[in-house]
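# Examination of the molecular architecture
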Amino acid sequence: MAHLDSEVKEECLREDLKFYFMNPCEKFRARQQIPWKMGLQILKIVMVTTQLVRFGLSNQLVVAFKEENTVAFKHLFLKGYSGVDEDEYSCSFHQLRNLSLGTLGYGENEDNRIGLKVCKQHYKKGTMFPSNETLNIDSDIEIDPLQEPSGLEELIILQTGILSSHCAGDVDGERRVGLLQVEISFHLKGIDLQTIHSRELPDCYIFQNTASIIFDNKAHSGKIKIYFDSDANIEECKDLNISGSIQKNTQYVLVFDAFVIVICLASLILCTRSIVLGLRLRKRFLDFFLEKYKRCVCSADQWEFINRWYILVIISDLMTIIGSILKMEIKAKNLTNYDLCSILLGTSTLFVWVGVIRYLGYFQAYNVLILTMQASLPKVLRFCACAGMIYLGYTFCGWIVLGPYHD
């Protein structure tokens, strides 16, 4: 009787093992089990890709607004700007409203004054006598915030005074060499109206802290280089009063994102359930093998019970869910983490499309190709590691030999 129970148990385990390692089509033919996971993955590919494209177009507008405003600032504040920094300086900040066609305004401070600040960096002490090759310098750097200019004339006088005070020499041939950098920083605010054409709520931008004109004299080569640096932070608009169909479009997009989250949650639950069932089946197999053959199963065979494609799908689902939540918050203008959301949605979409390879393996022609790729991957990686050493050495050699002469 015990022998009969053992045979029944072995046959049951054999059938479960055979069914577990079937593909969805074979499972459907064997037990009429509907391949829900495969259907969800196909639907998820369409949904996630559509979501990514829509968010990518929206993010493209954000990046374009920042870059185009930076170029406009350079044309406004750098005289004769021709596409490269180090041009002349132009004091057109106080005439911004008359010169620019963009949706820009001043970032006014608490005193309702236009926020324009000048900061100077210089050595604590620095004099030299080029005639007799004598240098007296204290390498400690001091940063002096100067008085905020209230108008164009005062800014020009302040700038001229800074440069002349560090460039003048005396009758003995003494020259001052302390000036390192002068930075003129300011605050600007703008509203991105181009999102309205895409039926989205506009974002409010503030060009703060990093919007500055820098006079770089660190080289002390006789030429003061002028750079313009700007970065925009997205803030929630305080008062938006927009009529039309934008609000309805926003609600439709939020519903679509919520549906994507539901699809990914269902996929996550099904794949997690399959992994748990696989672990239980592995435990049954290990116990049976140890009981009948008095041997342990090798690690490679044990890993066959864990479907790595399911782990990839689970990671993709988690990233899609988090990215979709961030996207919904961005759409509702509660968050502005465009970069983080792009990383999550982009990586999750990559994993979703890579997961399609698993279903291609069900066809014999593609299965041969996939098996060939799996077998050759370690050798390709070793080749890339060896070739990378050569390329890295060539890069360092070219950098030290040709780098100083490259403009």
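Residues numbered from 1 in each chain as written. Predicted model: local features only at pLDDT ≥ 70, side-chain atom pairs only at ≥ 80, totals over all residues. Heavy atoms only, no water.

Our next topic: the overall build of the chain. When helices and strands are tallied, the chain shows 11 helices and 12 strands. Evaluated residue by residue, the chain yields a buried proportion of 35% over its 407 residues. Taking the contacts inside the chain whose residues are at least 6 apart along the sequence as the reference set, 67% of them involve residues at least 24 apart. Approximately 25700 Å² of the chain is accessible, and the part contributed by carbon and sulfur atoms is 60%. (Helix = DSSP H or I, 4+ residues; strand = E, 2+ residues; numbered from the N terminus. Buried < 20%, exposed > 50% of the residue type's maximum accessible area, 1.4 Å probe, protein only. Contact = heavy atoms within 4.5 Å. Areas by Shrake-Rupley, 256 points an atom, 1.4 Å probe, with all protein chains shown as cover.)

The next subject is the environment of Ile214. With respect to the helices and strands, Ile214 occurs in strand S10 (residues 212-216). Taking the relative accessible area as the measure of exposure, Ile214 reaches 17% and is therefore buried. When the C-alpha positions of Ile214 and Lys225 are compared, they lie 8.0 Å apart, and in sequence the two are 11 residues distant. If we skip the residues at most four places from it in the chain, Ile214 touches Gln181, Val182, Glu183, Lys225, Ile226 and Tyr227.

Moving on, we come to the UniProt feature "transmembrane region" (unreviewed entry) in the chain. The feature "transmembrane region" (unreviewed entry), as given by UniProt, occupies residues 252-276, 309-326, 338-360 and 380-402 in the numbering adopted here. Across residues 252-276, the secondary structure splits into 100% helix and 0% strand, with the terminal C-alpha atoms separated by 36 Å. In residues 309-326, helix accounts for 100% and strand for 0%; the two terminal C-alpha atoms are 26 Å from one another. (UniProt positions renumbered as here; feature names shortened; annotations may be inferred.)

Moving on, we get to a nonpolar patch on the surface. Together, Leu392, Phe396, Trp399, Ile400, Val401 and Leu402 give the surface a local cluster of nonpolar side chains, amounting to about 690 Å² of exposed area. Structurally, Ile400 can be placed in helix H11 (residues 364-402). With relative accessibility at 55%, the residue Ile400 sits in the exposed group. (Patch = residues over 30% accessible without salt bridge, like charges linked within 9 Å, V, L, I, M, F, W, Y side chains within 5 Å. Salt bridge = Lys/Arg side-chain N within 4 Å of Asp/Glu carboxyl O.)

Below, the discussion takes up the packing of aromatic side chains. What describes a pair of aromatic rings is the distance from one ring centre to the other and the angle between the planes of the rings. This structure, assessed with the given rule, holds two aromatic pairs. Measuring from ring centre to ring centre gives 6.0 Å for Phe55 and Tyr338, while their planes differ by 20 degrees; the resulting arrangement is stacked. Of this pair, Phe55 sits in helix H3 (residues 36-77) while Tyr338 sits in helix H9 (residues 338-354), and the two are 283 residues apart along the sequence. Taken as a pair, Phe55 and Tyr338 share a single burial class, namely buried. (Phe/Tyr/Trp six-rings, centres within 6.5 Å; stacked < 30°, edge-to-face > 60°.)

For the rest of this paragraph, the subject is the nonpolar core. Core analysis: the biggest nonpolar cluster contains 30 residues, and Phe77, Phe186, Tyr205, Phe207, Ile213 and Phe228 have the highest contact counts within it. Ranked by residues supplied to this core, first place goes to H3 with six residues. Those residues within four positions of Tyr205 in sequence are excluded, and the remaining contacts are Val62, Phe65, Lys66, Leu188, Lys189, Gly190, Asp192, Ala232, Asn233 and Ile234. (Core = buried A, V, L, I, M, F, W, Y, C linked by side-chain atoms within 4.5 Å.)

Let's shift gears to helix H8 (residues 308-331). Over its 24 residues, H8 extends 34 Å from the first C-alpha to the last, a length consistent with the 34 Å expected when each residue adds 1.5 Å. At the C-terminal side of H8, Lys333 shows a positive phi close to 65 degrees. (Expected span 1.5 Å × (residues − 1).)

Going through the model one piece at a time under the given rule, you end up with three salt bridges. A salt bridge links Asp257 to Lys327, with the shortest nitrogen-to-oxygen separation between them at 3.0 Å. With Asp257 in helix H6 (residues 246-293) and Lys327 in helix H8, this pair connects stretches of sequence that are 70 residues apart. For Asp257, a relative accessible area of 0% gives the class buried. On the basis of relative accessibility, which here comes to 6%, the residue Lys327 falls in the buried class. Asp287 serves as the salt-bridge partner of Lys283, at 3.3 Å between the closest nitrogen and oxygen. Linking Lys283 with Asp287, this pair stays in helix H6, spanning four residues, or about one helical turn. By relative accessible area, Lys283 is classed as exposed at 53%.

In this structure, strand S4 (residues 116-129) lies alongside strand S7 (residues 179-186), joined through seven bridges in antiparallel fashion. What sits directly across from Leu116, in S7, is Phe186. Pairing of S4 with strand S5 (residues 134-145) involves 10 bridges; the strand directions are antiparallel. Residue pairing in the sheet places Lys125 in a bridge with Asp138 of S5. (Pairing = 2+ DSSP bridges.)

Bringing the packing of H8 against H9 into the picture now. For the pair H8 and H9, interaxial distance at closest approach is 8 Å and the crossing angle is 150 degrees. As summarised for this structure, H8 and H9 are arranged roughly antiparallel, according to the angle between their axes. Crossing angle aside, the handedness with which H8 passes H9 is left-handed. For the pair H8 and H9, the contacting residues are Trp309, Leu312, Ile315, Ser316, Met319, Thr320, Ile322, Gly323, Ser324, Leu326, Lys327 and Ile330 in the first and Tyr338, Leu340, Cys341, Ile343, Leu344, Leu345, Thr347, Ser348, Phe351, Val352 and Val354 in the second. Classifying every residue of the contact of H8 with H9 by side-chain character gives 16 nonpolar, six polar and one charged. (Axes fitted to C-alpha atoms, helices over the stretch in contact; angles between N-to-C directions. Parallel < 35°, antiparallel > 145°, perpendicular 65-115°, else oblique. Left-handed = near helix turned anticlockwise from the far one by under 90°. Nonpolar A, V, L, I, M, F, W, Y, C, P; charged D, E, K, R; others polar.)

Our next topic: the side chain of Ser324. Tracing the sequence through the fold places Ser324 in helix H8. Reaching out from Ser324, the side chain makes a polar contact with the backbone oxygen of Thr320 at a distance of 2.7 Å. (Polar contact = N/O pair within 3.5 Å; in protein donor to acceptor, adjacent residues only side chain to side chain.)

Another aspect to go through is the side chain of Lys37. Here Lys37 lies in helix H3. Within the buried set, Lys37 has no salt-bridge partner at all; the shortest N-O distance to an opposite charge, 11 Å, is to Asp317. Residues contacting Lys37, with those up to four places away along its chain left out, are Leu270, Cys271, Ser274, Tyr310 and Tyr359. (Lys, Arg positive; Asp, Glu negative; His and termini not counted.)

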